[in-house]
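# A look at the structure
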Amino acid sequence: FSTDTSPIPRCISVMAAVGARLSRRCAAEMSGGGVSVWSDIIALSKLPDIIDLGQGWPDLPRSKVASEAAAKIVLDESAAGRKGNQYSPISGTPSLCRAISEFHGRRYPGPAPKPETEVAVMTSGTEALFAACMAFCEAGDEVVMFEPFFPWYLPCVRLAGATPKVVTLEKPSFAIDEAALRAAFTPNTKCIVVNSPHNPTGHVLSQEELNIIGRLCIEFDCIAIFDEVYETTLFNGATHRRLGDVDGMRERTLNVGSAGKIFNATGWRIGWVTGPADLVAGCRAMHGYTSFSAPTPFQEGIAAALDAEPESFFTEISDTFAENFKLLGAALTKMGHEVCCAAGDVGGYFLVADIQSSGMDGLEFCKWLASEKGVACVPLMVFYQSRPEGVDFNCTLVRFAICKPKSTIEAACLKLTS
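Read on for a plain summary of the structure. As a convention, each chain's residues are numbered from 1 in the sequence order in which they are written. Under the rules for a predicted model, residues below a pLDDT of 70 receive no local features and side-chain atom pairs below 80 are neither given nor counted, while totals for whole chains, interfaces and linings still include all residues. To get the side-chain values, all heavy atoms of the structure are used, and hydrogens and water are removed first.

For the rest of this paragraph, the subject is the sheet that holds strand β9 (residues 271-274). A pair of strands is labelled paired if DSSP reports no fewer than 2 bridges between them. A run of DSSP states H or I qualifies as a helix once it reaches four residues; a run of E qualifies as a strand once it reaches two. Both are numbered from the N-terminal end. The sheet built from seven strands is open, its strands ordered β2-β9-β8-β6-β5-β3-β4 with mixed pairing. The sheet is open, and its two borders are formed by β2 (119-122) and β4 (163-168), each paired with just one other strand. For this sheet, the mean angle separating the axes of adjacent strands, direction not counted, is 20°. Here strand β8 (residues 253-258) pairs with β9 via four bridges, running antiparallel. Its bridge partner being in β9, V256 is matched across the sheet by V273. Should any heavy atoms of two residues lie within 4.5 Å, those residues are counted as being in contact. Axis lines are fitted to C-alpha atoms, over the contacting stretch for helices. Their N-to-C directions set the angle, which ranges from 0 to 180 degrees. Here helix α12 (residues 277-288) sits on the sheet and contacts β2, β6 (223-227), β8 and β9; the angle it forms with β2, its principal contact strand, is near 25°.

Dropping the structure here:
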């Protein structure tokens, strides 16, 4: 299989040669400055004897419950089995919609989402984000988001015709600054995209930060897309708090979840949205016009896992990542680099470090680290919007994936400190 997570095909040079046949909006997204950087980083990760901490796929056992339930359907040649390998309803299999509702009902305060109208299964959390932007946004709308961000946010918003309004989170804590966030809101603000635990920084939003976002959403009457795909991966005593639980926000918040992240099966491409029925209905419609339905056997596997996996399944993963964060952070500190978010609530798949002391920028450091130490990481510059020509942007932040076995992180630490 391939772990190439670049949004741009390797045939980019061929596509560029026939650019006149593409729409301007497609060509614009293909020409972003991050394209060549991602290509460079992927190439580094393929070098001999490299420990790849660049790409964020979870190198851990997936849910056995999910695998066995999905395999049973895939291998079933009975009439029922044949049906189980066909299209599911656009909104998802009834069993998975119910399981998602009950999963949230067990974990979070307030009423569980209604499986018939307030839950929709998507073909990944990424498609859920795309469907939400297409459903909510159009030309003239503005969408507030925080950088650094998941690189798919910007294209989703721009392809919907809306204008991104980007608020920069400052190292080392990446906490929200209320004044900076307020300045991004205008009468044209239609939506805000919020991610917690945060990719790439690992920052987990505090209750006060959520309250700030909620007050502004209510004041400017806008929708919130709450990306919580790392909701079960928390450490340093962190608690996952939801934007929809802030007073007045339940009716204006769409939650985005990912079974791939929860159960270490990102290739299954199962995600979901939950929230108010009208917002979910819009996403369901856009999903129907793109992939139509997520893979049916995998939906049934995830439903079984949501029903049966104990809480210890999630805490064991979180404990592994917490130890990985600690080990890798100590090695980077020994090298003279600053580990970000180290003192606060942390979650997700990643650790961010400031390598300013090296005298290199992020990309230079990543190339040096791969060639001299045999460890691949990602420069955080690809998680920021492009700066206008002539504006200096010397980003000295890099991201390491900690969603690996402890032995992998230990081997990486040995290379880093040798």
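Here we come to the pairing of β6. Working definition: with a 1.4 Å probe on protein chains only, accessible area under 20% of the residue-type maximum means buried, over 50% means exposed, and in between means partly exposed. Among the five residues of β6, five are classified as buried, and the element is accordingly described as predominantly covered. The alternating pattern of β6 places I223, I225 and D227 on one face and A224 and F226 on the opposite face, and all of these are buried. Here five bridges tie strand β5 (residues 189-195) to β6, and the two strands are oriented parallel to one another. Paired with V193 across the two strands is I225, which belongs to β6. With helix α10 (residues 207-220) bridging β5 and the parallel β6, this β-α-β connection has right-handed handedness. Alignment of β6 against β8, held across four bridges, turns out to be parallel. For D227, the partnering residue across the bridge sits in β8 and is V256. A crossover gets the label right-handed when its path from the first strand over the helix to the second runs clockwise, viewed with the strands pointing away from the viewer.

Read these as layout, nothing more, since geometry by itself doesn't imply function.
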